[in-house]
Amino acid sequence: MSGLRLLLSRGLASGYAKALWFLVSLLPFCWLLYAAMADRLGANPAEALIRSSGDWTLRALCLVLAITPLRNASGLHVLARFRRMSGLFVYFYAMLHLLAYSWLDMGLDLGDIAKDIGKRPFILVGFAAWLSLSLLALTSFDRAIRWVGAARWKRLHRLVYGIALLAVVHFFWMRAGKHNFAEVALYAAILGSLLLWRLVWWLRKRPAAGALLGQLRACWALPRQYLRRPDAER
Ligand code: HEM
């Protein structure tokens, strides 16, 4: 293990690193709380709170999906310690988003909320994402893992890919009325790359698919090798 990796590994394994990660993950919430109390949320504070909490849910989701690729690429296996806490923060921000909508938009009227979910498809999609996230949050504790069984738990937690897709569809649908897709495209690209990376990683572990990927890589490298040869310069 290289010196830097060893140093990082030791630092990340300490209790302080987890405490620091917890505090950093709470920063957006603290900022939103401060901005709401100091009246710094702009002309429409309710809309700003709903949208910012939605944005932070999506950002936290990107982060949690980046942990495994980062761990595999860097060899820092200790990063796995941060996965559960980061996943629970996705749920925390999703709860905040749902609460902001239910309270500030719908006045906590359950009948109106149910009607709105049925009436507006983008909210239905967000709600499906939240329901799926609830399932993952409820089964994220050691006792639940033992109860569900490790293999079934692993399969259940693949739901996170579906949640990522629902989150992007929810965001896309919400912005469709405004014809404003720049941010949607950015998040779709980030989540798409993370999911693609996992797919390639998974395929590489299967012998047949690994051989196919090897062939594809060789085909991809061939023109570059040719272009690099001095006699190819004309
Ligand atoms: C994993 C779950 C969810 C994610 C990742 C998510 C994400 C987002 C994002 C990124 C936005 C747009 C923010 C912006 O414009 O900058 C948004 C808006 C919104 N979401 Fe969600 N959302 C989720 C669940 C929900 C749920 C459960 C509801 C309600 C039942 C909901 C209701 C809304 C509403 C009302 C808006 C604002 C629409 C507007 O201002 O016109 N979302 N959400």
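Description of the structure in this document. (Residues numbered from 1 in each chain as written. Predicted model: local features only at pLDDT ≥ 70, side-chain atom pairs only at ≥ 80, totals over all residues.)

**A few points about the nonpolar core**
And then number 1: Counting 28 residues, the largest nonpolar core has Ala-60, Leu-61, Val-90, Tyr-93, Ala-164 and Ala-167 as the members making the most contacts within it.
And then number 2: Counting only elements with at least two residues in this core, the list comes to α3 (45–74), α4 (83–105), α6 (121–138), α9 (159–176) and α10 (182–204).
And then number 3: The contact partners of Leu-61, leaving out residues within four places of it in the chain, are Val-90, Ala-164 and Ala-167. (Core = buried A, V, L, I, M, F, W, Y, C linked by C-beta atoms within 7 Å. Buried ≥ 20, exposed ≤ 12 C-beta atoms within 10 Å, placed from the backbone. Helix = DSSP H or I, 4+ residues; strand = E, 2+ residues; numbered from the N terminus. Contact = placed C-beta atoms within 7 Å.)

**Structural notes on the environment of Arg-120**
And then number 1: Here Arg-120 shows up in the loop between α5 (110–119) and α6.
And then number 2: Here the alpha-carbon distance between Arg-120 and Leu-216, two residues 96 residues apart in the chain, equals 44 Å.

**Some remarks on unusual backbone geometry**
And then number 1: The phi dihedral of Asp-39 is positive, around 55°, even though this residue is not glycine.
And then number 2: Relative to the helices and strands, Asp-39 resides in the loop between α2 (15–37) and α3.
And then number 3: Asp-39 gets classed as exposed once you count the C-beta atoms within 10 Å, which come to 8.
And then number 4: Phi is positive for Leu-108, which is not a glycine, with a value near 60°.
And then number 5: The exposure class of Leu-108 is exposed, given the 11 C-beta atoms found within 10 Å.

**Section: the site of the ligand**
And then number 1: By nearness alone, 25 residues border the ligand, and Gly-54, Gly-126, Ala-129, Trp-130 and Ala-167 come closest of all.
And then number 2: Looking at the shell around the ligand element by element, the count peaks at eight residues for α3.
And then number 3: Residue classes in the shell around the ligand are distributed as 16 nonpolar, five polar and four charged. (Near = placed C-beta within 6 Å. Nonpolar A, V, L, I, M, F, W, Y, C, P; charged D, E, K, R; others polar.)

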